[in-house]
Amino acid sequence: MAIKTVTTVAELQAESARLLTSKGGTSQGLVPTMGALHQGHAALARTAVKHNDVVVATIFVNPLQFGDATDLDRYPRTLDADIALLEEQGVDLVFAPTVDEVYPDGEPLVRVTSGVLGEKWEGASRPGHFDGALTVVAKLLHYGIPGAGLPASGKSQGGLPAYRAYFGQKDAQQLALVRRMVADLNFPVKIEAVPTVRAADGLALSSRNRFLDEAEREAALVLSRALRLLEERAMSRQPLDLDSARAMVESQPLVALDYFDVVDPGTLDPLAENCRETPFRGEALAIIAAKVGPVRLIDNMPLAS
Ligand code: PAF
């Protein structure tokens, strides 16, 4: 069945309810995106399609999560290609609203606050970013609640459909924050994480990679190499020796390291005791951010022994 694109919340809710009813579906998946889709997003969509009867993807470049207007203007808009990619993965419905549809009264006076978890790492260099991202994710998760567009009589038949939303592990801090928002504020949705998709040479796929020139792209590989080094050390229960991995990144002239640390995957607090001379034990997350030429890149790697 051909994919359908809608632009209003009313259409989204009516159309997803119609799809659920016509398919006799019992589950709905939501894949929130800002467009400029690549194979990482395709993996999110494919996972959602595999596990749900109806899948809705959203494409909305959210002004609230951009620090400055230049960044917002520069963000690539590739709607037709995005819809084609989503259709190939088997997504049923695309919701591509305008800014006025999402923020009809202008910038919201009340927002979701990401708290201390949103102030560290990425939050430290992009103040307000996670408040803006969480605010729109909260709205999108509400719009996508399955059955919201059904007439009242339809809702009471056979219980509520399962509701799942899909986020990439690549944006580890966003994922941790969305999980906390959903748990702390009792959203009726299960958050599913999808592993990072990498190019054959290891570079994590990102909409920003298109801004790297050839030399910068080659230099950027040091991020995934350093993460892989930690992964190998963790798996073989060696000391992580984070300092030597940091030195490896810092030796690359085109790369300006912002942070590189080993943290608790839920709180993102550094695990200082588990990353130097003692053999690695347990589970952790290695996170890294750097500017490569003009482009800020982030990456991470789950560590387990
Ligand atoms: O990860 C993204 O693309 C965005 O931050 C999201 C979750 C779609 C919210 O705008």
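Overview of the structure. As the structure is a prediction and not an experimental result, all values here were calculated from the model.

The subject of this paragraph is the site of the ligand. The ligand sits among Pro32, Thr33, Met34, Gln65, Val136, Val137, Phe167 and Gln174. Gln65 has a polar side-chain atom sitting 2.6 Å from an oxygen atom of the ligand. Here an oxygen atom of the ligand and a side-chain polar atom of Gln174 are 2.6 Å apart. When the ligand sits alone it has 290 Å² of accessible area, and the protein chains cover 89% of it.

Glancing now at the packing of aromatic side chains. A full pass over the atoms with the stated rule returns 4 aromatic pairs. For the ring pair Phe66 and Tyr75, a centre distance of 5.8 Å and an interplane angle of 75° mean the geometry is edge-to-face. On the basis of relative accessible area, Tyr75 is assigned to the buried category, the value being 15%. Geometry around Phe211 places Arg74 over its ring, the cationic atom sitting 4.6 Å from the centre.

A word on helix α11 (residues 242-250). Of all the positions in α11, only Leu242, Ala245 and Val249 are classed as buried. Down the axis of α11, the buried side of the element spans an arc of 65°, and every buried residue falls inside it.

What follows deals with the nonpolar core. Ranked by internal contacts, the top residues of the largest apolar core, which has 45 residues, are Leu141, Met181, Val189 and Ile191. Contributions of two or more residues to this core are made by α1 (9-23), β3 (54-59), β4 (93-95), α7 (129-143), β5 (162-168), α9 (172-184), β7 (255-263) and β8 (283-292). By residue number, the principal contributor to this core is α7, which donates 8 residues. Listed in part, the 28 residues of the second largest apolar core include Val222, Leu230, Val249 and Ala286.

Negative phi is the rule for most residues except glycine; trans is the rule for most peptide bonds. Even without glycine at this site, Ala36 takes up a positive phi of about 50°. Structurally, Ala36 is set in the loop between β2 (27-33) and α2 (39-51). The class of Ala36 is buried, set by a relative accessible area of 0%. One non-glycine residue, Asp241, lies in the positive phi region at around 45°. Here Asp241 shows up in the loop between α10 (214-235) and α11.

Our focus in this paragraph is the pairing of β8. In terms of residue burial, β8 counts as a mostly covered element, since 8 of its 10 residues are buried. Pairing of β8 with strand β9 (residues 295-304), which is carried by 10 bridges, proceeds in the antiparallel orientation. By the bridge assignment for β9, Ala286 is matched with Met301. Hairpin geometry of β8 and β9 is characterised by an intervening segment of 2 residues between the two adjacent antiparallel strands and by a positive phi of about 60° at Gly293.

What counts and how
Residues numbered from 1 in each chain as written. Predicted model: local features only at pLDDT ≥ 70, side-chain atom pairs only at ≥ 80, totals over all residues. Heavy atoms only, no water. Near = heavy atom within 4 Å. Polar contact = N/O pair within 3.5 Å; in protein donor to acceptor, adjacent residues only side chain to side chain. Areas by Shrake-Rupley, 256 points an atom, 1.4 Å probe, with all protein chains shown as cover. Phe/Tyr/Trp six-rings, centres within 6.5 Å; stacked < 30°, edge-to-face > 60°. Buried < 20%, exposed > 50% of the residue type's maximum accessible area, 1.4 Å probe, protein only. Lys NZ or Arg CZ within 6 Å of the ring centre and 35° of its normal. Helix = DSSP H or I, 4+ residues; strand = E, 2+ residues; numbered from the N terminus. Arc of directions from axis to C-beta. Core = buried A, V, L, I, M, F, W, Y, C linked by side-chain atoms within 4.5 Å. Pairing = 2+ DSSP bridges.

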